[in-house]
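Residue-level listing of the chains:
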Amino acid sequence: MSFSAEEFKQQFPLFAEGENRELVYLDNAATTQKPQVVIDAVRDFYLHSNANTHRSSHRLARRATEMVEETRRRAARFLNAASEREVIFARGATEALNLLAYSLCNELQSGDEIVLSTAEHHANIVPWQMAAQRRGLTLRYVPHTAGVPQFDRLEEVLGERTRIVSLTGGSNALGLRPDLEDIARQLRGRDLFWIVDAAQLAAHETVDVQRIGCDFLVCSAHKFYGPSGIGLLWGREALLEAMPPWQGGGEMIAEVDLYSSTYAELPHKFEAGTSPLAAIAGLGAALDFLADWDRDAMAKHEQQLLQQLHGEIASLPGLRLYSQPQHNLGILAFAPVSGSAADLMHWLDEKDIAVRVGHHCAQPLLRAAGETATVRASLAAYNTEADVLAFVDALREYLALEDSTDAFPEAPAWQV
Ligand code: PMP
């Protein structure tokens, strides 16, 4: 289907609801709203199909099992995985990264190195810190300027002991989008695992794991119009085969004895316990929903809005701007020169404009810029020009009140 933002927005019942009719929702990097088809799929699962999978073979259990495996096949198509055995359901990007940090680091030796960047979400830092403490590993960071990673200098931190490189596919704090082709080039021929955190990326463009050439990729359904509580871990089949399971329990075993067990085949080896079945039904609907729209046109629309937003905001004195429109993930971050970001957020909230304020789970990045908090406006395909204008008008009004037009303090290096 071609794309029109108005028609797209109509698919989301929250925006048609009384108190939300005027809502300008610009917190999409945190989570997106849900289209009717996703809400229906979650509800219908409980209404018509609720049963646990695998364990039993009655009609409803078979239906639930088939729904889960069909969603896995759709997820494999969504990521262009070579096989659905490469797709593991996790609670989200966070859980998928914890799984990787546990399972991959289990095999590493003391002194082995893991490379991260300063623009990572905490979900792609803390699990590695925990694994490093457990296993005596060393964390290294891509060279950076005032916190902003220079991904083109990744090679400088790669060495004999580098075993894992886990980097963002797009930063939630800045919209910064590394050149994945260039990262692939720098990593080529090296004996290490490359992980891409696509939590933001997958919401804005088609992700093709074979074209990217990484070893593992993670994402969360709630960022791309699906339900919360479900995400995807993709990994190369041979690598997943070789990795030890993470959590133990039902569903992930072949045989259990009193003192040892054997494990199920992929992908179930990594899916201990009862999966969030209704959320998986919702994910299936979200994948179908996305397949129905022209994703290139959606991305173009978001990009146009971002350009417009950037253009308007760049001309406003009194703000330090931290994102560039060419980053292309619909994210614009800034801080008011005077007054607090939290005050500005509350002002916007009063006007029914939802933005995020805080460190955006990227404290190292903000610390390096000398900020404790930024305001982040983040777009989705249902946002319109009217949203952008309402936001900019409200900002103007706030800045006029604050009278913060003079005295720009020294800008950090990555301010644009
Ligand atoms: N990585 C990035 C870049 C993110 O934006 C997020 C969510 N803000 C995560 C990881 C974690 O995703 P989740 O909370 O869905 O597990």
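Just above sits the structure.
Residues numbered from 1 in each chain as written. Predicted model: local features only at pLDDT ≥ 70, side-chain atom pairs only at ≥ 80, totals over all residues. Heavy atoms only, no water.

Draft legend 1. Just the overall build of the chain, in detail. Looking only at helices and strands, the chain features 14 helices and 17 strands. Expected size for 416 residues packed as a compact globule is a radius of gyration near 22 Å; at 22 Å, the chain falls within 12% of this value. Here the chain holds 416 residues, and the buried ones make up 56% of them. Surface accessibility of the chain: about 17600 Å² in total, with carbon and sulfur atoms responsible for 47%. Computing the positive centroid from 36 side-chain charges and the negative centroid from 56, the chain places the two 5 Å apart. (Helix = DSSP H or I, 4+ residues; strand = E, 2+ residues; numbered from the N terminus. Rg over C-alpha atoms; globule rule 2.2 N^0.38 Å. Buried < 20%, exposed > 50% of the residue type's maximum accessible area, 1.4 Å probe, protein only. Areas by Shrake-Rupley, 256 points an atom, 1.4 Å probe, with all protein chains shown as cover. Lys, Arg positive; Asp, Glu negative; His and termini not counted. Charge placed at Lys NZ, Arg CZ, Asp CG, Glu CD.)

Draft legend 2. Up close: the packing of helix H4 (residues 93-105) against helix H5 (residues 126-135). Packing of H4 against H5 brings their axes to within 9 Å, and their N-to-C directions diverge by 20°. Here H4 is positioned roughly parallel relative to H5, judged by the angle of their axes. For the pair H4 and H5, the sense of crossing is right-handed. Contact residues: Leu97, Asn98, Leu100, Ala101, Tyr102 and Cys105 in H4; Pro127, Trp128, Ala131, Arg134 and Arg135 in H5. Looking at side-chain class alone, the contact of H4 with H5 contains 8 nonpolar, 1 polar and 2 charged residues. (Axes fitted to C-alpha atoms, helices over the stretch in contact; angles between N-to-C directions. Parallel < 35°, antiparallel > 145°, perpendicular 65-115°, else oblique. Left-handed = near helix turned anticlockwise from the far one by under 90°. Contact = heavy atoms within 4.5 Å. Nonpolar A, V, L, I, M, F, W, Y, C, P; charged D, E, K, R; others polar.)

Draft legend 3. Region of interest: the site of the ligand. The environment of the ligand is made up of Gly92, Ala93, Thr94, His121, Gly170, Asn172, Asp197, Ala199, Gln200, Ser220, His222 and Lys223. Here an oxygen atom of the ligand and a side-chain polar atom of threonine 94 are 2.6 Å apart. In this structure, histidine 222 approaches the ligand through a side-chain N or O atom, which is 2.7 Å from an oxygen atom. Considered on its own, the ligand offers 390 Å² of accessible surface; in the complex 86% of this is hidden by protein. A class-by-class count of the residues in the shell around the ligand yields 2 nonpolar, 8 polar and 2 charged. (Near = heavy atom within 4 Å. Polar contact = N/O pair within 3.5 Å; in protein donor to acceptor, adjacent residues only side chain to side chain.)

Draft legend 4. Summary view of the pairing of strand E8 (residues 193-197). Across the 5 residues of E8, 4 count as buried, placing the element largely inside the fold. Strand direction decides the pairing type here: strand E7 (residues 162-168) and E8, joined by 5 bridges, are parallel. Of the residues in E8, the one forming a bridge with valine 165 is tryptophan 194. Handedness of the crossover joining E7 and E8 through helix H6 (residues 180-187): right-handed. In this sheet, strand E9 (residues 216-220) lies alongside E8 in parallel orientation, the contact comprising 3 bridges. By the bridge assignment for E9, aspartate 197 is matched with valine 218. (Pairing = 2+ DSSP bridges. Right-handed = clockwise from strand over helix to strand, strands pointing away.)

Draft legend 5. Structural detail: the pairing of strand E2 (residues 87-90). Neither face of E2 is left uncovered, since the one carrying Val87 and Phe89 and the one carrying Ile88 and Ala90 both have all their residues buried. Summarising the sheet, E2 and strand E10 (residues 231-235) pair through 4 bridges and their orientation is antiparallel. Note that in E10 the partner of phenylalanine 89 across the bridge is leucine 232.

Draft legend 6. Focus on a nonpolar patch on the surface. A cluster of nonpolar residues, Ile253, Val256 and Tyr263, forms a patch on the protein surface that exposes about 270 Å² of accessible area. Inspection of the secondary structure assignment puts isoleucine 253 in strand E11 (residues 253-256). (Patch = residues over 30% accessible without salt bridge, like charges linked within 9 Å, V, L, I, M, F, W, Y side chains within 5 Å. Salt bridge = Lys/Arg side-chain N within 4 Å of Asp/Glu carboxyl O.)

Draft legend 7. Geometry of the pattern of salt bridges. Summed over the entire model, instances satisfying the criterion amount to 24 salt bridges. The salt bridge involving aspartate 27 is made with arginine 356; its shortest N-O contact spans 3.1 Å. Placement of aspartate 27 in the loop between strand E1 (24-25) and helix H2 (36-49) and of arginine 356 in strand E16 (residues 356-358) is noted, with a sequence separation of 329 residues between them. Between aspartate 27 and arginine 376 there is a salt bridge, and its shortest N-O distance comes to 3.5 Å. Here aspartate 27, found in the loop between E1 and H2, pairs with arginine 376, found in strand E17 (residues 374-378); they are 349 residues apart in sequence, far enough to count as distant.

Draft legend 8. Up close: the packing of helix H12 (residues 341-350) against helix H14 (residues 385-402). Here H12 crosses H14 at 125°, and the two axes come no closer than 10 Å. By the angle between their directions, the pair H12 and H14 is classed as oblique. Of the two elements, H12 crosses H14, and the hand of that crossing is right-handed. Of the residues in H14, those in contact with Asp343, Leu344, Trp347 and Leu348 of H12 are Phe391, Ala394, Leu395, Glu397, Tyr398 and Leu401. Taken together, the residues that form the contact of H12 with H14 break down as 8 nonpolar, no polar and 2 charged.

Draft legend 9. View of the nonpolar core. Judged by nonpolar contacts, the single largest core of 76 residues is most densely connected at Phe8, Leu154, Trp194, Leu217, Phe224 and Tyr225. Apart from the residues lying within four places of it in its own chain, the contact partners of leucine 154 are Val115, Val142, Val165, Leu167, Ile183, Gln186 and Leu187. Counting 28 residues, the second largest nonpolar core, distinct from the first, contains Ile88, Leu108, Ile114 and Phe216. (Core = buried A, V, L, I, M, F, W, Y, C linked by side-chain atoms within 4.5 Å.)

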